[in-house]
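Here is what each chain is made of, one letter per residue.
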Amino acid sequence: MSTDGQPHILAIGGGTFVPDGREGLQPSPLLRYAFDLTGQDRPRVCFITTAVGDDPAYIARFYAAISSMDAEVSHLALFPMPNVADMRAHLLTQDLVYVSGGSVANLLALWRLHGLDEILREAWQEGVVLSGQSAGALCWHVGGNTDCYGPQLRPLTDGLGLLPFSCGVHYDSDPQRRPLLQQLVGEGTLPGGYAADEGVGLHYVGTDFVQAVSYRREAGAYRVEPDGPGTAKEYRLQPRLLAAL
């Protein structure tokens, strides 16, 4: 858990891991930042891969990628049944919970079916750091836009709502993301919120946005707010540059 006892969320637009040149992945500085939020030298880290159907190959790649970091690592799977006897007990003893990308709609449906939505809310309130990228970033917010229904992006409005904002991910890599988020905020389908380019994390303490961080000098974060009937305005937020691992 975070040593300051406060609820932290690091919502990552993309790029938690980067290719290592050997058909594998290695952690980016964003994952180190998430680790550091726990304040622990060897944090207990649980990753959740519901959004990719708990694909065994994905889980194996995650373990391999995170093996270079000093941590006590576990995972929580829901397929074909929960792999831990007591999900609440397991998650409340973690320092960091990291949620993978994938289908945010499927993730939310299954979490609610298993009561994991309320367990994660309790963990966050107790100081367990929550993080994730793409679906694993969007899920903590009120909503955003998603490709989990098909290649044409659609609104998602039933996120967990731990954070009372909309969220944009992959903001500089998918040309549909920016205009649709602005449309949804402008028409009132979603509240104002924040968006992140690839390689950018949005750091919240409680429900307050405190800063954006990135390992890409050119990347940005953005505040998107309603700006009159049916329109929205976007403000660029300069991320703090993280040192390379």
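The model shown is predicted, which means the values in this text are computed figures rather than measured ones. (Residues numbered from 1 in each chain as written. Predicted model: local features only at pLDDT ≥ 70, side-chain atom pairs only at ≥ 80, totals over all residues. Heavy atoms only, no water.)

**Q** What's the story with the sheet that holds strand S8 (residues 143-146) in this structure? I'm lost.
**A** Strands sit in the order S9-S8-S10-S11-S14-S15 across an open sheet of six strands; the sheet is mixed. The open sheet has two edge strands, strand S9 (154-156) and strand S15 (232-237), and neither has a second partner. This sheet shows a mean twist of 25 degrees between the axes of neighbouring strands, independent of strand direction. Note that strand S11 (residues 193-196) and strand S14 (residues 221-226) share four bridges and pair antiparallel. By the bridge assignment for S14, Ala-195 is matched with Tyr-222. With respect to the sheet, helix H7 (residues 177-186) is in contact with S8, S9, strand S10 (166-168), S11, S14 and S15, its orientation differing from that of S8 by roughly 145 degrees. (Pairing = 2+ DSSP bridges. Helix = DSSP H or I, 4+ residues; strand = E, 2+ residues; numbered from the N terminus. Axes fitted to C-alpha atoms, helices over the stretch in contact; angles between N-to-C directions. Contact = heavy atoms within 4.5 Å.)

**Q** Any chance you could explain the pairing of strand S1 (residues 8-12) here in plain terms?
**A** Judged by how many residues are buried, S1 sits mostly within the fold: five of five residues are covered. The alternating pattern of S1 places His-8, Leu-10 and Ile-12 and Ile-9 and Ala-11 on opposite faces, both of which are buried. Relative to strand S7 (residues 129-133), S1 runs parallel, the two being bridged by four bridges. Paired with Ile-9 across the strands is Leu-130, a residue of S7. (Buried < 20%, exposed > 50% of the residue type's maximum accessible area, 1.4 Å probe, protein only.)

**Q** What exactly am I supposed to notice about the sheet that holds S1 here?
**A** Where strands meet in a sheet, backbone hydrogen bonds hold them as pairs that are either parallel or antiparallel. Here we have eight strands laid out as an open sheet, ordered S5-S4-S6-S7-S1-S12-S13-S16, and mixed in their pairing. Of all strands in the sheet, those bounded by a partner on one side alone are strand S5 (72-76) and strand S16 (240-241). Across the sheet, helix H1 (residues 29-38) lies against S1, strand S4 (44-48), strand S6 (96-99), S7, strand S12 (200-205), strand S13 (208-214) and S16, angled at about 175 degrees from S1, the strand it touches most. Packing against the sheet, helix H2 (residues 56-66) makes contact with S4, S5 and S6, and its axis sits at approximately 165 degrees to S5.

**Q** Which parts of the structure should I look at to understand the packing of aromatic side chains?
**A** Summed over all chains, the structure comprises 12 aromatic pairs. Members of the aromatic cluster, joined through ring pairs, are Phe-17, Phe-47, Phe-62, Tyr-63 and Tyr-98. Note that Arg-178 overlies the ring of Tyr-222, its terminal NZ or CZ placed 4.9 Å from the centroid. The positively charged end of Arg-223 is found above the aromatic ring belonging to Tyr-194, 4.8 Å away from the centroid. (Phe/Tyr/Trp six-rings, centres within 6.5 Å; stacked < 30°, edge-to-face > 60°. Lys NZ or Arg CZ within 6 Å of the ring centre and 35° of its normal.)

**Q** Got a minute to help me understand the nonpolar core in this structure?
**A** Soluble globular proteins: nonpolar side chains tend toward being buried together. Judged by nonpolar contacts, the single largest core of 44 residues is most densely connected at Trp-111, Leu-116, Leu-120 and Trp-140. Ranked by the residues each element gives to this core, the list is headed by helix H5 (residues 116-125), at five residues. When neighbours within four sequence positions are excluded, Leu-116 is seen to be in contact with Leu-76, Leu-78, Met-87, Leu-91 and Trp-111. (Core = buried A, V, L, I, M, F, W, Y, C linked by side-chain atoms within 4.5 Å.)

**Q** What should I look at first to understand the packing of helix H4 (residues 104-114) against H5 in this one?
**A** How two helices sit against one another is set out by the angle between their axes and by the gap between those axes. Between H4 and H5, whose axes approach to 5 Å, the crossing angle comes to 85 degrees. When the axis of H4 is compared with that of H5, the two are roughly perpendicular. Residues Trp-111, Arg-112 and His-114 of H4 touch H5, and the partners they reach there are Leu-116, Asp-117 and Leu-120. Partitioning the contact of H4 with H5 into residue classes produces three nonpolar, one polar and two charged. (Parallel < 35°, antiparallel > 145°, perpendicular 65-115°, else oblique. Nonpolar A, V, L, I, M, F, W, Y, C, P; charged D, E, K, R; others polar.)

**Q** When you look at unusual backbone geometry in this model, what are you seeing that I'm missing?
**A** Working note: non-glycine residues mostly have negative phi, and peptide bonds are mostly trans. In this chain, Phe-79 is followed by Pro-80 through a cis amide linkage whose omega measures -10 degrees. Locating Pro-80 in the fold gives a position in the loop between S5 and helix H3 (87-92). At Ser-134, a residue that is not glycine, the phi angle is positive and equals roughly 60 degrees. Tracing the sequence through the fold places Ser-134 in the loop between S7 and helix H6 (135-138). Unlike most non-glycine residues, His-170 shows phi in positive territory, near 50 degrees. Within the fold, His-170 resides in the loop between S10 and H7.

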